[in-house]
Amino acid sequence: MKQLSAETVRLLSSSQVVTSVVSVVKELIENSLDADSTSIDVKLENYGLDRIEVRDNGSGIKAEDTAVMGVKHYTSKISSHDDLMQLETYGFRGEALGSICAVSEVVVTTKTSEDDFSTQYTLNPTGHVVSQKPSHLGQGTTVCALKLFKNLPVRRQFYSNTKKCKEELKKIQDLLMAYAVVKPELRITFTHNKVVVWQKARVSDHRAALMAVIGAAATANMLPLHHRQEHPEISIEGFFPKPNTDYASSSSSNPDRTFIFVNSRPVHHKDIMKLVKQFCSGDSSCRRYPTLVMNITVPASTVDVNLTPDKTQVMLQNKEAVLAAVESMLVSLYGPLPTAEGCAGHNANVDALPSGALQTGLGPPVNGMTMNDAEHTVSSHRAALPQVPLDSSDVDLFGAIEQTLAKTCGDPASNTSLNQTSSSSSSEDWIINKSSFDMSHVDSSLVDDDFLSTRDDREGLEGSADPLAVTPRTDGSISAESWSAGRALRDPVTGGRLEPVKLHVPTKPSENVEREVVERCRSSPSKKPSNVIVARMPKLTAFELIGSRAVSQPLSARALFERDSRASILLEDPGASLQDVTTAVKQRWESLGEEDRTKYEDKAKKAVDNCNLRRSRAEQGELQARDGKRPQSAAAATAAMAGCSASKTQGLKRKAPLSNQQILDKLFSSQSAKKSAPAKVSKPLPFCLAALRRRLHLLSSQSGAAPRGLRLVNRLASHSAWVVLCGRELELLNPFRVEEALLFKRLLENNILPAAGLQTPIQLTDGLLGGSEYMDVLHSMRKGPPELSGAIFFSDPRLVANGFQIRVSPGSSSTERHVEVTGMADCMPFFGITDLKEILTAVKDRDARSVKQCRPLKATRYLEGEAVRMVRQLPINPSRDDVQDTLGRMGEQLGEQSQTCIHGLPFFHFLTKVPETDEEAAMTLSNK
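Residues numbered from 1 in each chain as written. Predicted model: local features only at pLDDT ≥ 70, side-chain atom pairs only at ≥ 80, totals over all residues. Heavy atoms only, no water.

K.L.:
How should the overall build of the protein be read in this particular structure?
P.N.:
On a plain count of helices and strands, the protein comes out with 31 helices and 27 strands. Burial analysis of the protein (928 residues in total) assigns 36% to the buried set. Long-range contacts, defined as pairs at least 24 residues apart, comprise 63% of the intrachain contacts of the protein with a sequence gap of at least 6. In the form shown here, the protein has an accessible surface area of approximately 56500 Å², with 53% of it arising from carbon and sulfur atoms. (Helix = DSSP H or I, 4+ residues; strand = E, 2+ residues; numbered from the N terminus. Buried < 20%, exposed > 50% of the residue type's maximum accessible area, 1.4 Å probe, protein only. Contact = heavy atoms within 4.5 Å. Areas by Shrake-Rupley, 256 points an atom, 1.4 Å probe, with all protein chains shown as cover.)

Shown next as structure tokens:
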């Protein structure tokens with residue numbers, strides 16, 4: 001035997017931990033969550049084979065830990081195996097990053113809150129740092145894995161199939177959804193080839209997170225549930241489908257919407273999944289999976305997570321207790337499970353009860369019968385009764401009798417035991433199935449015994465003091481004859497006789513009834529049956545004829561809501577059926593808020609009022625037309641009759657077409673007068689110019705004025721602007737324009753455009769830049785320290801802030817060097833070498849030394865758009881303190897010269913001057 005080399009051992013163990021793209025993303029995301037991140041960005045290129053990047057805003061990696069951060073079995077989460085008993089993190093082995101290094105090229109960029117800037121580290125296959133350089137990224141950690149499975153050709157060949165790659169993307173999305181549900185405060189963005197596949201914003205609670213993941217329609221069909229017990233300590237919470245909900249609409253064909261967590265860790269547990277499917281669908285073998293969220297919280301010392309490399313399977317120490325708690329919670333929501341096959345199913349349930357549930361001597365005997373005697377009595381009657389085959393829909397009567405006996409005996413131990421088991425039934429009523437009994441299997445003697453009972457038997461039952469009076473034999477048991485005749489037991493509630501099965505024999509109608517029916521038909525032969533349609537009834541339609549025009553009927557409030565909601569439901573679930581859409585609309589309408597419901601009711605009322613107004617106008621028009629007709633004279637009537645006779649003899653003639661002038665006259669005469677605009681409602685307000693002058697004078701004398709002597713007066717709510725006092729002038733301030741200018745100035749000076757690596761670097765030459773002088777300017781810029789390979793990267797902020805990553809590589813000779821662009825900003829279209837030349841021109845011609853002076857035109861326009869976008873996200877109504885702070889920053893950063901926003905619009909609009917004397921006030925009022 002030979003000892004394997006360290007490289008072989010590393011590759012063999014790493015390929016077990018990193019089995020797919022999903023495993024890489026999972027390990028990196030869990031590291032980000034352990035670092036208390038609230039924002040995670042996952043970016044893939046070529047389905048993750050070329051590039052996997054996971055960026056977070058967590059606490060970062062300390063500088064003293066970066067040397068061993070990629071070495072296997074170095075971790076900050078545990079120090080010994082005993083720490084697993086109090087594990088609170090997702091990761092603990094310390095082999096994730098080292099395994100990724102063994103099968104790909106890894107670059108880590110990190111920054112803590114104590115660091116001044118971030119640092120980018122390049123790791124080798126053993127996980128050691130081979131180079132480092134400063135970076136522009138903010139606080140947090142960014143891990144980039146390139147050329148995944150570069151040394152595992154079989155595994156890389158596996159992803160040559162596009163279908164497999166798409167399945168891998170779906171698995172990554174399902175994984176991110178699971179973490180998004182259990183972490184509402186987490187913001188996640190998933191991008192593939194620079195296209196956003198899925199994203200989720202920060203939300204306040206788990207319900208909002210679930211709504212962002214599976215949609216509002218599916219969340220509306222779910223109920224929150226919480227279960228907690230002390231011994232053993234188990235807590236279960238989540239969201240489950242509502243009872244009696246259509247299972248097809250609350251389930252899916254794959255388990256991507258069944259989220260099961262143990263201590264907030266997504267896991268796959270077959271027993272819990274089987275139990276959930278059994279309660280939600282009624283059949284554990286059903287191939288559909290319910291849509292639910294279940295988070296089981298148990299002490300960390302009772303869970304073993306170190307089972308599989310991906311940590312998706314766990315071992316529970318109190319597995320039976322956890323399953324019992326889950327079952328108890330599901331029973332409280334859905335009720336007990338139905339029995340499988342009549343009496344046999346109930347026998348199985350009774351046998352499955354704890355040993356203390358039905359024990360002899362645990363309760364006082366009733367009428368000399370203990371629980372053991374009652375159980376023996378029921379068993380003997382089962383043997384004595386004739387074997388009558390029952391359908392699966394028949395009721396388990398023997399099980400009901402056993403439950404009644406157990407209740408009547410009042411066994412406290414059995415009650416306690418039943419409470420501890422989650423399969424106890426909550427039904428205490430007797431249900432007798434009278435229709436599903438097959439008459440062909442019944443003996444005629446049973447029918448006779450059922451209808452013919454002796455007076456002695458009835459008197460014996462009535463005289464019995466016990467509610468469960470029996471007709472005993474000499475040996476103390478119930479006879480088969482009395483049981484089959486229904487004289488064995490009595491109802492403890494009503495005192496009546498219990499009849500497990502009652503046979504109803506159909507009776508023939510009497511001859512008198514038949515004769516009455518025949519005579520009734522003969523006496524009224526003209527009468528037709530009521531089920532025959534004799535006349536066409538008018539049907540409700542969606543339109544109504546008003547004034548010879550078809551006008552749509554006004555919709556109700558619910559119909560208006562349904563019309564607005566159908567489109568959104570179909571967008572969320574394009575494959576939904578008509579019944580599913582109708583059900584979802586109904587549930588949304590029932591859960592609609594009072595304010596939104598009032599809006600739809602107001603719309604419906606307005607539609608009804610408009611329809612009534614049209615109808616009244618049409619009726620008035622008909623009445624006026626009817627009143628406008630004058631009675632014809634005799635001559636006119638005679639002429640009309642003669643014309644009619646002539647038309648009959650000559651036949652019908654087509655009307656001559658109207659001339660253009662007649663058509664225009666008719667058109668203009670039919671036009672109604674234009675509606676006059678409604679008069680604006682005005683309300684006089686008390687106003688005193690002298691009082692205003694005194695208040696403004698008092699305001700101007702106060703201290704703490706903004707630059708230029710500006711003082712805030714009040715907010716103009718209708719325009720989201722503020723009235724300010726500058727000396728004697730009242731001006732209108734737009735604070736959003738000021739914020740635009742301030743943000744744009746800050747972005748020009750400090751913003752760093754992120755550079756994306758180029759697959760093929762662009763080599764720079766004198767001809768490409770337009771002359772050797774540009775290359776000389778480029779070489780004069782600041783450079784970073786050389787790397788181990790001899791390459792040097794430019795670190796000048798005028799290049800880095802504008803999104804250029806330029807490298808100087810050594811050539812074949814000591815004097816020969818190649819300058820090439822390895823990365824450029826990808827946030828702007830058509831950004832390239834011409835923009836680099838624009839930067840070099842600013843340095844050469846204008847001696848630009850700051851980043852602001854070297855911004856290319858495309859970068860300037862891009863930053864303008866970013867400033868506008870950021871300002872639009874500000875609150876619409878800023879407070880007085882915010883506006884005062886904006887004015888202070890305007891004076892400090894913009895000065896007196898710049899008084900316009902990035903669109904050239906002024907910050908201030910002059911309103912009027914404040915009069916100093918009464919004469920000026922009177923003149924001002926007279927001018928107004």
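K.L.:
What should I look at first to understand a nonpolar patch on the surface in this one?
P.N.:
Together, Leu4, Val9 and Leu12 give the surface a local cluster of nonpolar side chains, amounting to about 270 Å² of exposed area. Tracing the sequence through the fold places leucine 4 in the segment before α1 (6-17). (Patch = residues over 30% accessible without salt bridge, like charges linked within 9 Å, V, L, I, M, F, W, Y side chains within 5 Å. Salt bridge = Lys/Arg side-chain N within 4 Å of Asp/Glu carboxyl O.)

K.L.:
I'm lost on the confidence of the model for the protein in this one. Help?
P.N.:
Interpreting fine coordinate detail is not advised for predicted regions of low pLDDT. Looking at the protein as a whole, its pLDDT mean stands at 74, while 65% of the residues score no less than 70. Confidence drops under pLDDT 50 across residues 340-476; counting only partners more than four residues distant or on other chains, this segment forms 156 contacts. Contacts of residues 629-653 to residues separated by more than four positions or lying in other chains number two contacts, the stretch itself having pLDDT below 50. (pLDDT = per-residue confidence, 0-100.)

K.L.:
What should I look at first to understand the sheet that holds strand β23 (residues 755-763) in this one?
P.N.:
Sheet strands associate in pairs through backbone hydrogen bonding, adopting either a parallel or an antiparallel arrangement. A sheet is described by the order of its strands in space; here four strands give the open sequence β23-β26-β25-β24, paired in antiparallel fashion. The strands lining the two open edges of the sheet, one partner per strand, are β23 and β24 (792-793). Relative to strand β26 (residues 817-825), β23 runs antiparallel, the two sharing five bridges. Bridging from a neighbouring strand, glycine 757 pairs with glycine 823 of β26. In the packing of helix α28 (residues 833-846) onto the sheet, contacts are made with β23, β25 (804-810) and β26, and the angle to β25 comes to roughly 85°. (Pairing = 2+ DSSP bridges. Axes fitted to C-alpha atoms, helices over the stretch in contact; angles between N-to-C directions.)

K.L.:
Would you mind going over the packing of helix α2 (residues 21-34) against helix α3 (residues 96-103) with me for this structure?
P.N.:
In a pair of packed helices, the angle between the axes and the distance between the axes together describe the arrangement. Where α2 contacts α3, the axes come no closer than 10 Å and their chain directions differ by 145°. The handedness of the crossing between α2 and α3 comes out as left-handed. Contact residues: α2 offers Val24, Glu27, Leu28 and Asn31, while α3 offers Ala96, Leu97 and Ile100. Here the residues of the contact of α2 with α3 are counted per class, giving five nonpolar, one polar and one charged. (Left-handed = near helix turned anticlockwise from the far one by under 90°. Nonpolar A, V, L, I, M, F, W, Y, C, P; charged D, E, K, R; others polar.)

K.L.:
Please clarify how the pairing of strand β10 (residues 234-241) should be interpreted in this entry.
P.N.:
Each regular strand displays side chains that alternate between the two surfaces of the sheet. The buried count for β10 comes to seven of eight residues, which makes it a mostly enclosed element. Pairing geometry for strand β9 (residues 222-229) and β10, over eight bridges, is antiparallel. By the bridge assignment, methionine 222 is partnered in β10 with proline 241. Linking β9 back to β10 in an antiparallel pair, the connection comprises four residues. With five bridges joining them, β10 and strand β15 (residues 292-297) adopt antiparallel strand pairing. Following the sheet pairing, glutamate 237 is matched in β15 by asparagine 295.

K.L.:
Explanation requested: the environment of glycine 757 in the structure shown.
P.N.:
On the secondary structure map, glycine 757 appears in strand β23. Separated by 66 residues in the primary sequence, glycine 757 and glycine 823 place their C-alpha atoms 4.1 Å from one another. If we ignore the near neighbours within four places in the chain, the residues touching glycine 757 are Thr822 and Gly823.

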